[in-house]
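# Geometric and topological summary
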Amino acid sequence: MCIRDRGTFLEYPQPGFERVSEIQGHDEFWERRQSDPWNRADTAAFLRARLLDLFLGDWDRHRGQWRWARVPDERFLQPLAEDRDQVFCDFEGLAMTAARATGAQLVTFDPDYPSIDDGTQNGWDLDRFLLTDLDRAEWMRVAREAQKRLTDEVIEQGLRRLPPEYYALVGTDLAMILRVRRDGLVAHAEHYYDYLAKKVDVHGSNQSDLATIRYLDDPKIEVQISLIDEKEPYYSRRFAKDETDEVRIYLHGGDNRVVVEGEDRVGIKIHIIGGDGPDVVETSERTDVELWDFEGENQVVGDVRVHSSPYRDPGLRRPNEDVPWVPSRDFGRSVKPLALFGYHPDAGLIMGAGVDVTHYGFREY
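Here the structure is a predicted model, which means the values were calculated and not measured.

## Quick look at the side chain of R33
Take R33: it is sitting in helix α1 (residues 26-35). Lacking a salt bridge, the buried R33 has D209 as its closest oppositely charged neighbour, with an N-O distance of 6.7 Å. Separated by 3.4 Å, the side chains of R33 and Q34 make a polar contact.

## Examining the sheet that holds strand β6 (residues 220-227)
Pairing in this open sheet of six strands is mixed, and the strands run β7-β6-β5-β9-β11-β13 from one edge to the other. Among the strands making up the open sheet, the edge pair consists of β7 (235-240) and β13 (299-301). Pairwise comparison of adjacent strand axes, ignoring direction, gives a mean angle of 10 degrees for this sheet. When strand β5 (residues 209-215) meets strand β9 (residues 257-261), the two strands line up parallel, connected through five bridges. Pairing of T212 across the sheet is with V259, part of β9.

## What about the sheet that holds strand β2 (residues 66-70)?
Taken together, three strands build an open sheet; the order of strands is β1-β2-β3 and the sheet is antiparallel. The open sheet terminates on both sides in strands that have one partner only, identified here as β1 (22-24) and β3 (78-81). When the angles between neighbouring strand axes are averaged without regard to direction, this sheet yields 30 degrees. In terms of strand pairing, β2 meets β3 through four bridges, oriented antiparallel. When the sheet's bridge partners are listed, A69 is paired in β3 with Q78. Contacting β1 and β2, α1 crosses the sheet at an angle of about 90 degrees to β1. In the packing of helix α2 (residues 43-56) onto the sheet, the strands contacted are β2 and β3, and the crossing angle to β2 comes to about 145 degrees.

About the thresholds
Residues numbered from 1 in each chain as written. Predicted model: local features only at pLDDT ≥ 70, side-chain atom pairs only at ≥ 80, totals over all residues. Heavy atoms only, no water. Helix = DSSP H or I, 4+ residues; strand = E, 2+ residues; numbered from the N terminus. Buried < 20%, exposed > 50% of the residue type's maximum accessible area, 1.4 Å probe, protein only. Lys, Arg positive; Asp, Glu negative; His and termini not counted. Salt bridge = Lys/Arg side-chain N within 4 Å of Asp/Glu carboxyl O. Polar contact = N/O pair within 3.5 Å; in protein donor to acceptor, adjacent residues only side chain to side chain. Pairing = 2+ DSSP bridges. Axes fitted to C-alpha atoms, helices over the stretch in contact; angles between N-to-C directions. Contact = heavy atoms within 4.5 Å.

Okay, here's the thing in structure tokens:
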């Protein structure tokens, strides 16, 4: 069961909608973000929208289902969610259960949330690009605020907008499921934060950037990125060892400079991925920083390991030509059961079972 948009008219917002002065399609948004990092999304608003996706069971939220609105008095672009055709999605039945057991992304709409992989992977390209500047405190603040807004009255009013005939069939059950999912939203949101925080992608721009990495006494590291001729960073976040194993900083284009301050007493691996321009990396202390760059006239000062061999994507997924700055999957693992059935005239009936485990690491498969 999925609430799909067949036979449904959807409003297509244009400038003027809700005071919006400009709307960017997803291709334009991504391209302009690379040329101007201040053309950025309101990540707290985007997280709020993503939590609503999880709450409603809408697992198919790839970048093609978002546009970005410029609203007066809002510094950053506001997300416009579109193509809401997988709400309350429930792939039920014996065949779907069997397919789900082999690793198929077939969610069910139950009081318990599906696995993080099944519920979020279609949105990883956006989530891992946009949500990496939110620390745990901000993430949980947004989650608690979203939970507070989803009152029993709001849930009931929303369900009453279903066709009366359909509400009579499923309204009571849906209300019960939504209330339970609402109550568990904060815990599930924190689970997703932990999942994303393990290995974090930080993206610069195609302008000349200054990336500053500071080892703090907490122990934490602070990563800030600004345009090289500006003081205000367009990216800033602190990472703690008990949350994060690796930080990957993608410099992209431009003549970039990376400054590492302090000595590594934290233990978080830092990968710096250079672009096609000349990049400079400077550190004066012992660090766990590696530079991956085979293009441009690069300079390294201090304790930095350099990888200068041309890069070939080790993954099996074809690189995405629309968004080349989104790497193949390089975090986590997938586990799938295997089954073998056959017949041989000597051995007779053959049955077997096993498991397939795939590990995805930084530039390894």
